[in-house]
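# Structure assessment
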Amino acid sequence: MKEADNNPKTQKRSVVFPIETLEQIDKLAIKKNVYASEIIREFVDKGLAVNGYEENIDIITDIIHQEIEASIKSLANRLAGMINRLTIISAAAYYANITIISDLIDKDRYSSFEKIEKAARKRALSYANMKNGDAIAKFMDDEEVKKAVSEIKGGDASYVDFDV
């Protein structure tokens, strides 16, 4: 075991500890096979490091906030890009569907393709403006769909047949 050298960068201090504390320091020193003074210096250094951390917590917090904001902004931009691509794909599917429907529409059964397409857009916008749970519930409600089809056909919702 080696005591600290008389280094011009060090200075000796006398410190008074309770007996119980000194006994714990001595036990730890024996266990680690070092002088008690090394244990005391180690604890003082650790305590000062914690104190320095506490003093710099605002700086550390600001850095963490900046990192989180940068990550969220990056993810938000990725999500916005994905939503944009999904919107484009959805619009393409929409136009493909209305093109196919316009060719297949039974002119005797439906009043006009334009009326069907307008009602579909109106209903889609209505769903888009609802809360998620409400929109899904309404979309999945067969009675609501029957009602929408009936409005387009100009008849009674009870006559709508989904099995056709």
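Reading guide: rules and limits
Residues numbered from 1 in each chain as written. Predicted model: local features only at pLDDT ≥ 70, side-chain atom pairs only at ≥ 80, totals over all residues. Heavy atoms only, no water. Helix = DSSP H or I, 4+ residues; strand = E, 2+ residues; numbered from the N terminus. Contact = heavy atoms within 4.5 Å. Areas by Shrake-Rupley, 256 points an atom, 1.4 Å probe, with all protein chains shown as cover. Buried < 20%, exposed > 50% of the residue type's maximum accessible area, 1.4 Å probe, protein only. Salt bridge = Lys/Arg side-chain N within 4 Å of Asp/Glu carboxyl O. pLDDT = per-residue confidence, 0-100.

## Some remarks on the overall build of the protein
What the protein contains, in helices and strands, is six helices and zero strands. Mapped from its N terminus to its C terminus, the protein presents α and β elements in the order α-α-α-α-α-α. Sequence separation of 24 or more characterises 34% of the internal contacts of the protein that already satisfy a separation of 6 or more. Summed over all atoms, the accessible surface of the protein reaches about 13,900 Å², with 58% contributed by carbon and sulfur.

## A few points about the environment of Ile 39
Inspection of the secondary structure assignment puts Ile 39 in helix 2 (residues 36–55). Look at Ile 39 and you get buried, because its relative accessible area is 1%. Once the C-alpha coordinates of Ile 39 and Ala 29 are considered, the two residues, 10 residues apart in sequence, prove to be 6.3 Å apart. The contacts of Ile 39, once residues within four sequence positions are left out, are Ile 25, Leu 28, Ala 29, Lys 32 and Val 34.

## What about the pattern of salt bridges?
Scanning all chains against the criterion turns up two salt bridges. In this structure, Lys 32 engages Glu 42 in a salt bridge whose closest nitrogen and oxygen atoms are separated by 3.3 Å. With Lys 32 in helix 1 (residues 19–32) and Glu 42 in helix 2, the pair connects residues that are 10 residues apart, well separated along the chain. Judged by relative accessible area, Lys 32 falls into the partly exposed class, the value being 42%. Since its relative accessible area comes to 27%, Glu 42 is described here as partly exposed. Glu 42 is the partner of Lys 46 in a salt bridge, and the nearest nitrogen-oxygen pair spans 3.2 Å. Separated by four residues within a single helix, Lys 46 and Glu 42 lie in helix 2, roughly one turn from each other. Residue Lys 46 is classed as partly exposed on the basis of its relative accessible area, which comes to 48%. Shared partners join several salt bridges into a network, and the residues in it are Lys 32, Glu 42 and Lys 46.

## Observations concerning unusual backbone geometry
At Asn 33, a residue that is not glycine, the phi angle is positive and equals roughly 60 degrees. Here Asn 33 shows up in the loop between helix 1 and helix 2.

## Details of the confidence of the model for the protein
Per-residue confidence for the protein gives a mean pLDDT of 78, with 78% of residues at or over 70. By mean pLDDT, the top-scoring element of the protein is helix 1 (93), and the lowest-scoring one is helix 6 (residues 142–153) (70).

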